[in-house]
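Descriptive structure summary
Read off the chains here:
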Amino acid sequence: MARTKPSKQLSQEEIERFLVAAEALHKSIIGPLLAYHSEHYQALREVHGPLLKSIETITGKRAPFIQPNGTGPVKPPTAG
């Protein structure tokens, strides 16, 4: 039985599945209303940074479901 060499990159389908899972994790991190000085809030912040960095590394772009000001889903610019 021949062994195949593992791929160095995810397929587009795998990237799309990763983004769906990353968005769900992002929502679970930002969802709870916690005092900013609480231990749980700080722990969630420590998880959030690497998640966003991994999205950029894997896709080459910032997380498509986060606006820079963090207020909601990204909307494509309208032609004007």
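Scroll up to find the structure this text is about.
Now for a quick tour of the structure. Small disclaimer: the values here were computed from a predicted structure and weren't measured.

1. Section: the nonpolar core
Counting 8 residues, the largest nonpolar core consists of I15, L19, A22, I29, L51, I55, A63 and F65. Residue assignment for this core shows that the elements contributing at least two residues are α1 (12-30) and α2 (39-59). Residue contributions to this core peak at 4 residues, all from α1.

2. Some details on α2
In a regular helix each residue adds 1.5 Å, so 21 residues correspond to 30 Å; α2 covers 31 Å between its end C-alpha atoms and thus fits that length. Against the buried residues of α2 lie α1. Once α2 finishes, G60 follows within two positions and takes phi at roughly 80 degrees, a positive value.

3. Focus on the pattern of salt bridges
What the rule picks out here adds up to 2 salt bridges. Here R17 makes a salt bridge to E13, at a shortest N to O gap of 2.9 Å. Taken together, the residues span about one helical turn, with R17 and E13 both in helix α1 at a distance of 4 residues. Between E23 and K27 there is a salt bridge; the shortest N-O distance is 3.4 Å. Of the two residues, E23 and K27 both sit in helix α1, 4 residues apart, roughly one turn of that helix.

4. So, the environment of L19
One can find L19 in helix α1. Looking at L19, the relative accessible area reads 19%, which means it is buried. Each C-alpha atom of the pair L19 and A63 lies 8.1 Å from the other, and the pair is 44 residues apart in sequence. With sequence-adjacent residues up to four places away left out, L19 is seen in contact with I55, T59, P64 and F65.

5. Structural notes on the layout of surface pockets
One number sums up the size of the second largest pocket: a volume of about 180 Å³. Residue lining of the second largest pocket: I29, I30, P32, L34, Y41, L44, R45 and H48, and that is the complete set. Counting only elements with at least two residues in the lining of the second largest pocket, the list comes to α1 and α2.

6. Let's talk about the environment of I58
With respect to the helices and strands, the residue I58 is situated in helix α2. Exposure remark for I58: the relative accessible area of 34% places this residue in the partly exposed category. For the pair I58 and I15, spaced 43 residues apart in the sequence, the C-alpha separation amounts to 7.6 Å. Not counting the four nearest positions on each side in its chain, I58 is found in contact with L10, I15 and F18.

Definitions and limits used
- Residues take numbers from 1 onward in each chain, read along the sequence in its written order.
- Since the coordinates come from a predicted model, pLDDT governs what is reported: local features require at least 70, and pairs of side-chain atoms require 80 or more to be given and counted, while whole-chain, interface and lining totals use all residues.
- To get the side-chain values, all heavy atoms of the structure are used, and hydrogens and water are removed first.
- By nonpolar core is meant a set of buried Ala, Val, Leu, Ile, Met, Phe, Trp, Tyr and Cys residues that side-chain atoms within 4.5 Å join together.
- Note on exposure labels: buried denotes an accessible area under 20% of the residue type's maximum, exposed denotes more than 50%, and partly exposed covers the range between, all computed with a 1.4 Å probe on protein chains only.
- Helix numbering and strand numbering both begin at the N terminus, where a helix is a DSSP run of H or I of at least 4 residues and a strand a DSSP run of E of at least 2.
- Each helix should span, by expectation, one fewer than its residue count multiplied by 1.5 Å.
- It only takes one pair of heavy atoms within 4.5 Å for two residues to be counted as in contact.
- For salt bridges, the criterion is a side-chain nitrogen of Lys or Arg within 4 Å of an Asp or Glu carboxyl oxygen.
- For cavity detection a 1 Å grid was placed over the protein atoms alone, and a set of points counts as a cavity when a 1.4 Å probe fits there but cannot get out; an open set counts as a pocket when protein lies on both sides within 12 Å along at least five of seven lines, with lining residues being those that have an atom within 4 Å of a point.
- Grid points are joined across faces, edges and corners, and a volume is the space filled by probe spheres set on the points.

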